[in-house]
Amino acid sequence: MSSNALKLLRDAVGELRTRIKNTEGCLAAELATVPEQELPERLLADYGAAGLLLEICRTIPALCSHGATVALVEAFLHREDFDSAWKLYNRARSSVDQPGNLTQLLALAVRTQKWTSAVDLFKAARRVKASVDKGVCMELITKAAIKAGDVTFAFSVLEYMRQEGFATVEAHSAVVDACGSLGQPRQVVEVLARMKQQFPGGVPVETWNCALRAVGSNGRYNEADKVWKEMLRSGVTPTAGSYNALLDCAVRGRRVPEAWDLVTEMLDKKHRADKYTMSILMKSIQDTADRRRVQRGIELATRFVDQQPDDADEIVFNSLLDACVRLRDMPRLDRTLAKMKDYKVKPSAVTFGTVVKAYGQAGDYHKVDEIWQQMEACNLEVNEVTYGCMLDACVKCGKLHRALEIFDVLKSQGRHKNTVMYTTLIKGWAKARDLEAALNTFNEMRAEGVSCSAVTFNSVIDVAVRCNDMKVASELFRTMLQEHEPDLITFSTLIKGFCSLGDLAKSVCLAKELKSRGLQCDEIVYNSLLEGCVQICDLATGITLFRDMVASGIRPSNVTFSILVKLYGSVGFLDLALQLVNEMPHKHGVTPNRAVFSCLVKICVQKKSLTHALQGLELAQRAGVGAVDQSMYGTIIHSCLQEGFVQEAIQLCSAAYQQAAEGSQGYHWRPVGVSQDLLRCVVEASAGPSLSQMTPRTSQDARQLIDFLSRSRYIPHLFAQRLVRLLDEPETACPEFVPAEGAWMRTTVATGKPGDDDRPAPGLENERPATPNKTKQVAASSDQKVLQTPAKVDTHLIRGQPAVTPSTAASSFSASTPGAWADASPEKLQSNFALSLAQVDECTEA
């Protein structure tokens, strides 16, 4: 339309508005002469503005007649002016509610995406029994019902389609999608039940897939699993779409084990898994602390990459590399990097940062530097996160100077003002125990305007604690209080520092301050406080802290009980230490591990009580495989040699080779054994004629032990010959020899692994080790008398400890003769202990 025409139209509109306002009757008289059927065309031709026509219809009652209104609606529909037609329809519903008009108006509403109006028009069309097109019905189900949030409307449309005879599978699937989008899983089951009745051939797999997607859209895995099982009962074979729909539901619902089960089944059946869902699932590996689940996730992710190399992009590989870092599985990480190179997946700076972090945790600085050089050769834009990974890797590898060089480069570029980077350098100074340098870095950080986080303060406080400068640590703590709220790590670090210096009073005050701030003491805090009690031998405070720990709902661990054992031992209450370890499983629900038993044996030996040490070893033997290690036997045997009980030392050596080491099973059975140095010391002691506790059988028992160990391949043949030579030539032995403490730990275990100078005898290099059955036969042979009950040793007291002598205690380790405590119940064992917790309280109060 030309500009002149527009000007004329505006003038005409203005004139008409004036006439409507001033001479309404004249205009009505003028329009009254126009036939009713020609009125819409006349108005559209003379006054084409829709807003003006509506104003005329509202102002002039003569235009509100049935015919004129219908004609105007049809005119608007012809011009596809839905808004004007809808306004006129709402003004005169009784005049326009005709099947033809409603059908056209509904179709126009769907085309113009007026979904709310479309819902009302469909209901009006149903009232006048107007016909609705199939395509319009599908649009109403898939879009209008969801937009209106009305599942009932979707079902009403489906019912209309069923009555008209075109309620197809697609229509039912559309209703299923609508139910899922609106969070109505029960309605999905209802639609599936209807389909089973309506379609004799059964529900197709596509509809089942729609149902799985609908039910699982919000992570409702239990409902989706019910649909899955119903689909299988119906005899429908799941497709890749079925698996991916259920897998997506499991991932959304954080049902990680079920998701990995589905991935396993998909890979076994060669179905393609959705790579986006797999990427999300692989990231979940980082959120679990179960190493077995992490291992399984990595293995399945590797299978996914092998079976679908086209979907193996950088995101998938980065997730896999992150999982390898979590497991600290460097060989698998190397294989993943090689596979990434084979598939020509270009690594990003994030990939290089992940790999650098991994090698930093492994302490392999050579690989860290190599990866960093590769990244620089790729000319990648390195962000602060990647630089932070490199600094952290250098610090963990002990290359603080390299971290400082990289930080200087960042300084020259003006990119060094980063809290994480400064904090990482402070942690490096903590490893170097350089408080002055750490404080300089901390002060520089504040001068540069870099914000100090709570982690930064905790790190610099840790440096002061490691350097035993609690004055500086206290000053830093006061500064921290002005800027940050101290957390549990802050208090734990300070408490550990004061306890290490024996200042238990300040540590207890800090623990009270911790609780007053709404924090809860954890196991680490209580363990630190108990260590402080050990430092000053304060049993009363230690017992109070332990009771408070249990009352607070914190379950003590084996570390806690190891500290308690040391606490009882520090004040000489070895009976209570034994009682505590014996009561751990049934009273505290904690099974003592090897560290607890080792601590118990060592504290008894330190207190010069060989009897209690043997009782502790007996408790460890009863605990099963893995509870006893070489150091326990070594500690007690060394103590026996110092006390002159050589024959008992030989018997304990025999027992050590009957005790299975941790991880021993089947053909790979192996004993705990003793070190070659300690075994040599025992033989030398048995050859010394001037030892006060020597018996005529000592040398013979030593020969039988050597012969047994040699024939069982527990010690090299040449080493056995040297030991026999020591017995044959006693003048070569040191008669007054007592080995230095710890000397028996210098060499490898004498369990068939010869050292550099110990080689198997000629002809025995390829001889297969004895099986467990053969070993037991050798141990039970008639000439193996060293394993039988030894003769009594004439000792009335061992360091002032009455009761069991080392001979009778050591005999309990024989395979053929159980010890005095072997058949004793825990109650009977407890009755042998002289003190109780109540008596300890009385002693400490006194």
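Structure shown above.
All values reported here derive from a predicted model rather than from experimental measurement.

Tell me about the overall build of the protein, residues and numbers included.
Regarding its fold elements, the protein presents 46 helices and 0 strands. Within the protein, the proportion of its 846 residues that are buried is 49%. The contacts in the protein between residues at least 6 apart in sequence include a share of 66% that link residues at least 24 apart.

Mind laying out the packing of helix H35 (residues 574-588) against helix H37 (residues 610-623), listing which residues take part and the relevant values?
A pair of packed helices is characterised by two quantities: the angle between their axes and the separation of those axes. One way to put it is that H35 packs onto H37 with a least axis distance of 10 Å and a crossing angle of 0 degrees. Comparing their axes, H37 and H35 come out roughly parallel. Judged by residue contacts, Leu574, Asp575, Leu578 and Asn582 of H35 engage His612, Gln615, Gly616 and Leu619 from H37.

Got a sec to walk through helix H24 (residues 384-396)? Specific residues and values, please.
For H24, with 13 residues, the first-to-last C-alpha span of 18 Å sits near the 18 Å given by 1.5 Å per residue. Among the residues of H24, those classed as buried are Thr386, Tyr387, Gly388, Cys389, Met390, Leu391, Ala393, Cys394 and Val395. The inward-facing, buried residues of H24 contact helix H22 (349-362), helix H23 (365-377), helix H25 (400-413) and helix H26 (419-432). Directly after H24, the chain includes Gly398, whose backbone phi takes a positive value near 75 degrees.

Could you give an account of the environment of Asn527, with specific residues and numbers?
Along the chain, Asn527 falls in helix H32 (residues 523-536). Judged by relative accessible area, which is 9%, Asn527 ranks as buried. Those residues in contact with Asn527 that sit more than four places away from it in its chain are Met549, Val559, Thr560 and Ile563.

Which residues make up the side chain of Arg332, and what values go with them?
With respect to the element layout, Arg332 can be found in helix H21 (residues 330-342). The class of Arg332 is buried, set by a relative accessible area of 12%. Only 3.1 Å separates the side chain of Arg332 from the side chain of Asp329, close enough to count as a polar contact. Every residue in contact with Arg332, bar those within four places of it in the chain, is listed here: Gln295, Ile298, Glu299, Thr302 and Cys324.

Let's hear about the nonpolar core: which residues, and what values?
Among the nonpolar cores identified, the biggest contains 228 residues, and Leu140 and Leu679 are the most heavily contacted of them. What Leu140 contacts, discounting residues up to four positions off in sequence, is Leu106, Val110, Ala118, Phe122, Ala145, Phe153 and Val157.

Tell me what's going on with helix H34 (residues 558-570), and back it up with residues and numbers.
The end-to-end C-alpha distance of H34, which contains 13 residues, comes to 18 Å, matching closely the 18 Å that a straight helix rising 1.5 Å per residue would cover. The buried count for H34 comes to 11 of 13 residues, which makes it a mostly enclosed element. Three or more residues of H34 are buried, namely Asn558, Thr560, Phe561, Ser562, Ile563, Leu564, Val565, Leu567, Tyr568, Gly569 and Ser570. Phi turns positive, to about 85 degrees, at Gly572, one or two residues after H34.

So what about the pattern of salt bridges? Which residues, and what values?
Pairs can form between side chains of opposite charge whenever their charged atoms are close. Overall, the coordinates contain 27 salt bridges when judged by the stated rule. For Glu384, the salt bridge identified is with Arg415, shortest N-O distance 3.6 Å. Of this pair, Glu384 sits in helix H24 while Arg415 is found in the loop between H25 and H26, placing the two residues 31 residues apart along the sequence. The exposure class of Arg415 is partly exposed, given its relative accessible area of 27%. The salt bridge involving Asp548 is made with Lys515; its shortest N-O contact spans 3.0 Å. Of this pair, Asp548 sits in helix H33 (residues 539-551) while Lys515 sits in helix H31 (residues 504-516); the two residues are 33 residues apart in sequence, bridging distant segments of the chain. A residue is classified by how much of its surface remains accessible, and Asp548, at 28% relative accessible area, is partly exposed. Classification of Lys515 as partly exposed rests on a relative accessible area of 39%. Bridged by salt links that share partners, the residues Glu485, Glu513 and Arg517 form one connected network.

Outline the packing of aromatic side chains, supporting the account with residue identities and numerical values.
This model, assessed by the stated rule, comprises 11 aromatic pairs. Seen from their ring centres, Phe317 and Tyr343 are 6.3 Å apart, and the 50 degrees between their planes marks the pair as tilted. Of this pair, Phe317 sits in helix H20 (residues 314-327) while Tyr343 is found in the loop between H21 and H22, placing the two residues 26 residues apart along the sequence. Assessed through its relative accessible area of 30%, Tyr343 is described here as partly exposed. Pairing Phe477 with Phe491 gives two aromatic rings, centres 5.7 Å apart and planes at 70 degrees, and the pair type is edge-to-face. With Phe477 in helix H29 (residues 470-483) and Phe491 in helix H30 (residues 488-500), this pair connects stretches of sequence that are 14 residues apart. For the pair Phe477 and Phe491, one class covers both residues: buried. Taken together, Phe122, Phe153 and Tyr160 form an aromatic cluster joined through their ring pairs.

How would you summarise the packing of helix H11 (residues 151-164) against helix H13 (residues 185-198) if you had to cite specific residues and measurements?
Orientation of H11 relative to H13, taken along the N-to-C sense of each, is 10 degrees, at an axis distance of 12 Å. Comparing their axes, H13 and H11 come out roughly parallel. Between H11, through Val151, Phe155, Leu158 and Arg162, and H13, the contact on the second element is made entirely by Gln187, Glu190, Val191, Arg194 and Gln198. When grouped by side-chain class, the residues that make up the contact of H11 with H13 number 4 nonpolar, 2 polar and 3 charged.

Analysis parameters
- Residues numbered from 1 in each chain as written.
- Predicted model: local features only at pLDDT ≥ 70, side-chain atom pairs only at ≥ 80, totals over all residues.
- Heavy atoms only, no water.
- Helix = DSSP H or I, 4+ residues; strand = E, 2+ residues; numbered from the N terminus.
- Buried < 20%, exposed > 50% of the residue type's maximum accessible area, 1.4 Å probe, protein only.
- Contact = heavy atoms within 4.5 Å.
- Axes fitted to C-alpha atoms, helices over the stretch in contact; angles between N-to-C directions.
- Parallel < 35°, antiparallel > 145°, perpendicular 65-115°, else oblique.
- Expected span 1.5 Å × (residues − 1).
- Polar contact = N/O pair within 3.5 Å; in protein donor to acceptor, adjacent residues only side chain to side chain.
- Core = buried A, V, L, I, M, F, W, Y, C linked by side-chain atoms within 4.5 Å.
- Salt bridge = Lys/Arg side-chain N within 4 Å of Asp/Glu carboxyl O.
- Phe/Tyr/Trp six-rings, centres within 6.5 Å; stacked < 30°, edge-to-face > 60°.
- Nonpolar A, V, L, I, M, F, W, Y, C, P; charged D, E, K, R; others polar.

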